[in-house]
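Coordinate inspection notes
One letter stands for each residue in the lines below.
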Amino acid sequence: QVQLAESGGGLVQPGGSLRLSCSASVSMFSINAWNWYRQAPGKEREWVAAITEHGSTNYADSVKGRFTISRSNAKNTVYLQMNSLKPEDTAVYYCNAVGAITAAGFYPDIWGQGTLVTVSS
């Protein structure tokens, strides 16, 4: 099975920055979109950012202007650069690949296991 592995989470102070990475275990020939989601304790999972097949980006209002999603097709990796972090950004962050044609076949929806980001002084 295709696996997505997030990395880069950790503890950061308010106003700080963090860069998350998510890499696929096999070659991804085509992906409809990469997404980042997050889930804080006791809250529903919320969508954070997306980058489409052709490179167009979209962001939740809560992170717009502070977060940047990008990708490396050659590395089968998506990134989330997080700047000006706030305590309310504290959550487990998940990457998600939608409509992925991979070296192991077609996968309509793939999720990573998540990486914890804690914003606290």
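So, here's what we can say about the structure.

Before going further, it helps to spend a moment on the nonpolar core. Taken as a class, soluble globular proteins show a tendency for nonpolar side chains to be buried jointly. Ranked by internal contacts, the top residues of the largest apolar core, which has 32 residues, are Met 28, Trp 34, Trp 36, Leu 80, Met 82 and Tyr 93. Elements with a contribution of two residues or more to this core: strand 3 (18–24), strand 4 (28–39), strand 5 (46–52), strand 7 (67–72), strand 8 (77–82), strand 9 (91–102), strand 10 (105–111) and strand 11 (115–119). Top element by residues in this core is strand 9. It accounts for five residues.

Here the focus is the packing of aromatic side chains. Across all of its chains, the model carries one aromatic pair by this definition. Between Arg 19 and the ring centre of Tyr 79, over which it is positioned, the NZ or CZ distance is 4.3 Å.

This paragraph deals with the pattern of salt bridges. Within the structure shown, the criterion is met by three salt bridges. Arg 38 is the partner of Glu 46 in a salt bridge, and the nearest nitrogen-oxygen pair spans 2.7 Å. Given the relative accessible area of 31%, Glu 46 is considered partly exposed. When its relative accessible area of 5% is taken as the criterion, Arg 38 is described as buried.

Residues of strand 11 alternate between two faces, with Thr 115, Val 117 and Val 119 buried on one and Leu 116 and Thr 118 left unburied on the opposite face. Alignment of strand 2 (residues 10–12) against strand 11, held across three bridges, turns out to be parallel. Of the residues in strand 11, the one forming a bridge with Leu 11 is Thr 118. Two elements, strand 9 and strand 11, share three bridges in a ladder whose sense is antiparallel. Counterpart to Ala 91 in the pairing with strand 11 is Val 117.

As a further point, take the sheet that holds strand 1 (residues 4–7). Taken in spatial order, the four strands make up an open sheet running 1-3-8-7, and their pairing is antiparallel. The sheet terminates laterally at strand 1 and strand 7, the two strands that pair on one side only. Averaged over all pairs of adjacent strands, the angle between their axes in this sheet comes to 15°, without regard to strand direction. Sheet topology places strand 1 next to strand 3; four bridges connect them, and they run antiparallel. Across the sheet, Ser 7 pairs through a bridge with Ser 21, a residue of strand 3.

Each value, and the rule that gives it
Residues numbered from 1 in each chain as written. Predicted model: local features only at pLDDT ≥ 70, side-chain atom pairs only at ≥ 80, totals over all residues. Heavy atoms only, no water. Core = buried A, V, L, I, M, F, W, Y, C linked by side-chain atoms within 4.5 Å. Buried < 20%, exposed > 50% of the residue type's maximum accessible area, 1.4 Å probe, protein only. Helix = DSSP H or I, 4+ residues; strand = E, 2+ residues; numbered from the N terminus. Phe/Tyr/Trp six-rings, centres within 6.5 Å; stacked < 30°, edge-to-face > 60°. Lys NZ or Arg CZ within 6 Å of the ring centre and 35° of its normal. Salt bridge = Lys/Arg side-chain N within 4 Å of Asp/Glu carboxyl O. Pairing = 2+ DSSP bridges. Axes fitted to C-alpha atoms, helices over the stretch in contact; angles between N-to-C directions.

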